[in-house]
Amino acid sequence: MTGAPGGVPRPYPGDVAPDAADAEFWAACRDGRYLIMRCGTCGLAVWPAGACPRHGAAAMAWTDASGRGTLVTWTVVHQRYATSFDGAPPNVALVELDEGPLVHASVLGTDRLEIGMRLEAVFEEIGPDVTVPAFRPARDDPRASLAG
């Protein structure tokens, strides 16, 4: 488990506090699966969990996603907002999933990021029963050799 020294769990990022709307997503993360919401009428994938812009919420359902995507951009967070964030400054990346939605997450396992690099989901346990998705360079991307 990653977190603060002494085993104090890191807090959830502010926009991922679990609630009834996305409980299935967080349960799947604990099982190592990446889910997206998909419209049962037109197939559009959306994130965060919500409604299809064309058909509303009635036909929406969680479905398994590939967990693969492309790095769109990123930033490195140097300001520590909680003492539980130890270690090297984290990056916050914008990843376009192969299914279409844009998601925010950290990219782990490399010191060098490149726009357009292929990524795959990994799951980081940050506290008891708290697992969040992150990404790493995809093993089949030629730039994966950048991984450290």
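In case you missed it, the structure is sitting above this.
An account of the accompanying structure is given in this report. All values reported here derive from a predicted model rather than from experimental measurement.

## Some details on the packing of aromatic side chains
Summed over the entire model, instances satisfying the criterion amount to six aromatic pairs. Taken together, a centroid distance of 4.6 Å and an interplanar angle of 40° make the contact between phenylalanine 25 and tryptophan 47 tilted. Placement of the pair is phenylalanine 25 in helix α1 (residues 23-30) and tryptophan 47 in the loop between β2 (45-46) and β3 (60-64), with a sequence separation of 22 residues. Tryptophan 47 sits in the partly exposed class, given a relative accessible area of 26%.

## Quick look at the nonpolar core
Across soluble globular proteins, you tend to see nonpolar side chains buried next to one another. Phe25, Tyr34, Leu71, Val107, Leu119 and Phe135 are the most contacted members of the largest nonpolar core, which totals 30 residues. For this core, the elements supplying multiple residues, two or more each, are α1, β1 (35-39), β2, β3, β5 (91-97), β6 (102-105), β7 (118-127) and β8 (130-137). Dropping the residues within four chain positions of it, leucine 71 is found in contact with Ala93, Leu94, Val107, Leu113, Glu114, Ile115, Gly116, Met117 and Leu119.

## Topic: the pairing of β8
Counting buried positions along β8 gives seven out of eight residues, so the element sits mostly inside the fold. Relative to β8, β7 is paired through eight bridges, and the arrangement is antiparallel. Bridge pairing in β8 places valine 122 opposite alanine 134.

Cut-offs used in this document
- Residues numbered from 1 in each chain as written.
- Predicted model: local features only at pLDDT ≥ 70, side-chain atom pairs only at ≥ 80, totals over all residues.
- Heavy atoms only, no water.
- Phe/Tyr/Trp six-rings, centres within 6.5 Å; stacked < 30°, edge-to-face > 60°.
- Helix = DSSP H or I, 4+ residues; strand = E, 2+ residues; numbered from the N terminus.
- Buried < 20%, exposed > 50% of the residue type's maximum accessible area, 1.4 Å probe, protein only.
- Core = buried A, V, L, I, M, F, W, Y, C linked by side-chain atoms within 4.5 Å.
- Contact = heavy atoms within 4.5 Å.
- Pairing = 2+ DSSP bridges.

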